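Chain residues, written in single-letter form:
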Amino acid sequence: VLTHNGSWDNFDTRLRYYYENIDLMDNSQLNESVADITQNNQTVDGQISGYLGDHLLTGGGEYRITSLEHSMNMKGGKVDVNQSALFLQDEFKIADLALTFGGRVDHHEVYGTEFSPRAYATYSLTDNWVIKGGVNKAFKAPTLAQFTKGYSKADCRMFCRRIGNPDLKAETSISYEIGTAYEAERFGGGVTLFNNDIKDMIQAEAWNGVRSTPPANLTYYNVSKARIQGIETSFWIDLTEDLNWTTNWTVVDAEDRTTRKRLKQTPKNTVNTQLNWQALDNLSTYVSYQYTSNQYLRDKEVLRTRGFNTVDIGATYTPVKNVDLKLGLTNLTNEKRDYVATNNDYFLSGRTVYGGVSYKF
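Residues numbered from 1 in each chain as written. Predicted model: local features only at pLDDT ≥ 70, side-chain atom pairs only at ≥ 80, totals over all residues. Heavy atoms only, no water.

Trainee: Outline the overall build of the protein, supporting the account with residue identities and numerical values.
Mentor: The helix and strand inventory of the protein stands at two helices and 23 strands. Referenced to the eigenvectors of the C-alpha coordinate spread, the extents of the protein come out at roughly 65 × 50 × 45 Å. Within the span of the protein, comprising 361 residues, buried residues form 34% of the whole. Of the contacts made within the protein by residues no fewer than 6 positions apart, 54% connect residues no fewer than 24 positions apart. With an accessible surface of roughly 21700 Å², the protein has 55% of that area assigned to carbon and sulfur atoms. Averaging the coordinates of the 38 positive side-chain charges in the protein and doing the same for the 43 negative ones gives two points 8 Å apart. (Helix = DSSP H or I, 4+ residues; strand = E, 2+ residues; numbered from the N terminus. Buried < 20%, exposed > 50% of the residue type's maximum accessible area, 1.4 Å probe, protein only. Contact = heavy atoms within 4.5 Å. Areas by Shrake-Rupley, 256 points an atom, 1.4 Å probe, with all protein chains shown as cover. Lys, Arg positive; Asp, Glu negative; His and termini not counted. Charge placed at Lys NZ, Arg CZ, Asp CG, Glu CD.)

Written out as structure tokens, the structure reads:
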């Protein structure tokens with residue numbers, strides 16, 4: 001990723017280029033010989049923001065090219081798709097009321113053009129207490145692997161193939177939320193109610209654990225109408241000058257509106273809590289805990305999996321100005337999911353060490 005941030009006399013700019021390359025060697029028994037799968041993602045995006053009177057205007061766009069190669073199954077061996085977007089947002093205040101209006105136009109080479117408007121309002125009851133709410137439309141096109149005919153890769157521990165579905169539709173949603181937040185000098189919190197109405201929600205078929213000969217084909221499909229609603233609460237407090245604690249808890253009710261059944265792979269409760277310690281002026285550390293509650297892997301009651309917990313730790317050290325060194329452990333306790341999940345190929349990544357360095361010009 002290369003990013004340039006500009007601060008000019010009357011406006012600010014950001015320009016970014018992002019590149020990602022993914023290689024997968026599929027040497028499973030489902031292929032007569034070794035298959036190579038490669039995906040390249042390239043994105044250029046930029047935005048400019050500045051004041052026009054009392055209005056803060058932000059506009060920009062992005063252009064994305066994705067290519068997918070499969071050495072065996074795809075006609076021609078390679079397919080690519082491009083998509084682009086333009087957006088504009090206006091923020092302004094009327095007394096204690098802050099308003100935001102915006103719109104985004106997405107154009108996808110396969111799925112056409114979609115306009116997604118947005119409106120949001122925040123009203124300050126006091127200097128510390130606000131109420132807020134808004135409505136937003138979103139557009140999500142399937143990935144190349146999800147909709148490309150002929151694309152396939154081994155899955156289900158080599159007992160099935162995951163294939164693309166050329167009849168897959170793009171997903172659209174309309175989201176509503178309303179909430180309140182309070183921020184004091186050393187603590188704060190908030191509560192938000194949300195409702196997402198989703199059309200043509202993209203989901204993946206799940207393996208039922210039954211071996212078949214020849215291997216079964218699993219694909220992606222659309223849930224015609226879905227609703228995800230719930231409540232999110234958040235809280236933070238400065239325990240000392242150097243110690244900060246943050247927590248959020250989300251309760252979700254997710255339903256397939258056609259079958260009236262709970263959506264699979266949507267946990268009812270998720271909790272994230274993190275303790276941050278500024279040990280030195282140039283050393284910050286954290287420990288975090290995440291809980292994900294029970295969920296269904298398929299529509300059947302027997303494929304309901306229990307919740308699981310993970311713990312992460314990490315630190316950031318700044319030896320000299322503009323240089324950050326990062327080191328951490330994810331899933332510190334090497335937590336594993338229950339038998340119902342692992343028997344159907346839903347695994348947690350094990351204990352993982354990561355490290356990195358960043359430099360700001």
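Let's pick the thread back up.
Trainee: Help me get a handle on the pairing of strand 22 (residues 323-330), residues and values and all.
Mentor: In this structure, strand 21 (residues 308-317) lies alongside strand 22, joined through five bridges in antiparallel fashion. For Ala315, the partnering residue across the bridge sits in strand 22 and is Leu327. The hairpin formed by strand 21 and strand 22 contains five residues between the paired strands, and Asn322 there has a positive phi angle of roughly 75 degrees. As judged from the eight bridges shared by strand 22 and strand 23 (residues 352-359), these two strands associate in the antiparallel manner. If you follow Val323 over to strand 23, its bridge partner there is Tyr359. (Pairing = 2+ DSSP bridges.)

Trainee: Describe the environment of Leu263, with residues and values.
Mentor: You can see Leu263 is positioned in the loop between strand 16 (261-262) and strand 17 (269-280). Residues in contact with Leu263, not counting those within four places in the same chain, are Met201, Gln203, Val223, Ala226, Ile228, Ala254, Glu255 and Asp256.

Trainee: I'd love a proper account of unusual backbone geometry, names of residues and values included.
Mentor: The backbone of Asp200 sits at a positive phi, close to 60 degrees, despite the residue not being glycine. When you line up the elements, Asp200 lands in strand 12 (residues 187-204). Phi is positive for Arg260, which is not a glycine, with a value near 65 degrees. By secondary structure assignment, the location of Arg260 is in the loop between strand 15 (243-256) and strand 16. Overall, Arg260 belongs to the exposed group, its relative accessible area being 54%.

Trainee: Before we move on, can you summarise the packing of aromatic side chains with the specific residues and values?
Mentor: Within the structure shown, the criterion is met by five aromatic pairs. Taken together, a centroid distance of 5.5 Å and an interplanar angle of 90 degrees make the contact between Tyr111 and Phe147 edge-to-face. Taken together, the residues Tyr111 in the loop between strand 6 (97-108) and strand 7 (112-124) and Phe147 in helix 1 (residues 144-147) connect sequence positions 36 residues apart. You'll find Tyr111 and Phe147 in the same group, each marked buried. The side chain of Arg162 reaches across the aromatic face of Tyr220, ending 5.8 Å from its centre. (Phe/Tyr/Trp six-rings, centres within 6.5 Å; stacked < 30°, edge-to-face > 60°. Lys NZ or Arg CZ within 6 Å of the ring centre and 35° of its normal.)

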